[in-house]
Amino acid sequence: MVIALCGYMGCGKSSLGKILAQNLSFEFCDVDDYIEQTQKLTIPQIFACYGEEYFRHLEYLAICELVKEDNTVISLGGGLPIADKNKQVLKNAFVVYIDATFEDCYKRIEKTDRPIVKQKTKEQLNIIYNDRIAHYKKVANFIVKGDDLQKMSSDIEKYLKEVLQ
Ligand code: S3P
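Below is a short write-up of the structure. (Residues numbered from 1 in each chain as written. Predicted model: local features only at pLDDT ≥ 70, side-chain atom pairs only at ≥ 80, totals over all residues. Heavy atoms only, no water.)

**A short note on helix H9 (residues 149-164)**
For an α-helix the count is 3.6 residues per turn, leaving residues at separations of three or four pointing the same way.
Then comes step 1: For H9, spanning 16 residues, the distance from its first C-alpha to its last is 22 Å, which sits close to the expected 22 Å at 1.5 Å a residue.
Then comes step 2: Turning to H9, its buried residues number three or more, namely Met152, Ser153, Ile156, Glu157 and Leu160. Viewed end-on, H9 has its buried residues packed into an arc of 135°, placing them on one side of the element. Exposed positions of H9 whose direction lies more than 90 degrees from the buried face are Lys158, Lys161 and Glu162.
Then comes step 3: The elements touched by buried residues of H9 are strand E1 (2-6), helix H1 (13-24), strand E4 (94-99) and strand E5 (142-145).
Then comes step 4: The residue sitting at the N-terminus of H9 and contributing the capping side-chain oxygen is Asp148; that oxygen lies 3.2 Å from the backbone nitrogen of Gln150. (Helix = DSSP H or I, 4+ residues; strand = E, 2+ residues; numbered from the N terminus. Expected span 1.5 Å × (residues − 1). Buried < 20%, exposed > 50% of the residue type's maximum accessible area, 1.4 Å probe, protein only. Arc of directions from axis to C-beta. Contact = heavy atoms within 4.5 Å. Polar contact = N/O pair within 3.5 Å; in protein donor to acceptor, adjacent residues only side chain to side chain.)

Pasting the structure below:
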């Protein structure tokens, strides 16, 4: 099984993903890290040299590969669930949406070098956040909320045990 975590930048996908993977004895993989390793470029370099559209294509190629894994928790880039073709691919995973508030996400991303954050104002980032909620909900099989990562992880584990029974 592949568990894919989605949500806005800074919602805690990688932090929760590492905890969940450890609790389940699964592998953990972050799609951005996978792209950086396969391209031998950082995400800001890919945006700067080749543009966002090319990055989105790399995200598609990456998720097509990563859903073939088993016993793996994947942290998706915040923009990945937007494209319809990615939504299709994500049907092969159990998708969890981490529903964090914009302010909580913003606090964690405002001083980072994420290209989208560098290019936009706080107001624009808030608009993108609002636009994306419907996409995250559409791909999600399960939604977690709050700031207690261990509690979110155990909510996911409990739910999985129930549905897999
Ligand atoms: C993006 C989110 C980033 C990364 C890229 C674009 C987005 O991932 O994929 O900078 O469009 O929301 P995180 O959500 O892990 O920060």
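Continuing now.
**Brief notes about the packing of aromatic side chains**
Then comes step 1: This model, assessed by the stated rule, comprises nine aromatic pairs.
Then comes step 2: On the basis of an interplanar angle of 35° and a centroid distance of 5.3 Å, the ring pair of Tyr97 and Tyr136 is categorised as tilted. Of the two residues, Tyr97 sits in strand E4 while Tyr136 sits in helix H8 (residues 122-139), which places them 39 residues apart along the sequence. The same class applies to Tyr97 and to Tyr136, which are both buried.
Then comes step 3: Taken together through their ring pairs, the aromatic side chains of Tyr8, Phe102, Tyr106 and Tyr129 make up a single cluster.
Then comes step 4: The residue whose ring lies beneath Lys85 is Tyr60, and the NZ or CZ to ring-centre distance is 4.4 Å. (Phe/Tyr/Trp six-rings, centres within 6.5 Å; stacked < 30°, edge-to-face > 60°. Lys NZ or Arg CZ within 6 Å of the ring centre and 35° of its normal.)

**Examining the sheet that holds strand E2 (residues 27-30)**
Then comes step 1: An order of E2-E3-E1-E4-E5 is seen for the five strands of this open sheet, with the pairing classed as parallel. Each edge of the open sheet carries a strand with a single partner, namely E2 and E5. Along the sheet, successive strands turn relative to each other by an average axial angle of 25°, direction set aside.
Then comes step 2: Here four bridges tie E1 to strand E3 (residues 72-75), and the two strands are oriented parallel to one another. (Pairing = 2+ DSSP bridges. Axes fitted to C-alpha atoms, helices over the stretch in contact; angles between N-to-C directions.)

**Describing H8**
Then comes step 1: Here H8 contains 18 residues, and its C-alpha end-to-end distance of 26 Å stays within 8% of the 26 Å for a straight helix at 1.5 Å per residue.
Then comes step 2: The largest bend in H8 is about 35°, located at Arg132.
Then comes step 3: In the core, the buried residues of H8 are packed alongside E1, helix H4 (52-66), helix H5 (84-89), E4, helix H6 (102-109) and helix H7 (115-119). (Bend = angle between axes of the 7 residues up to and from the residue.)

**Digging into unusual backbone geometry**
Then comes step 1: Phi at Ser25 takes a positive value of approximately 55°, unusual for a residue other than glycine.
Then comes step 2: Among the structural elements, Ser25 can be located in the loop between H1 and E2.
Then comes step 3: Overall, the relative accessible area of 66% leaves Ser25 in the exposed class.

**Examining the pairing of E3**
Then comes step 1: By the alternation rule, side chains of E3 split into Thr72 and Ile74 and Val73 and Ser75, which are all buried.
Then comes step 2: Here four bridges tie E2 to E3, and the two strands are oriented parallel to one another. Bridge assignment links Asp30 to a residue of E3, and that residue is Ser75.

None of the figures reported here should be taken as evidence of function without further support.
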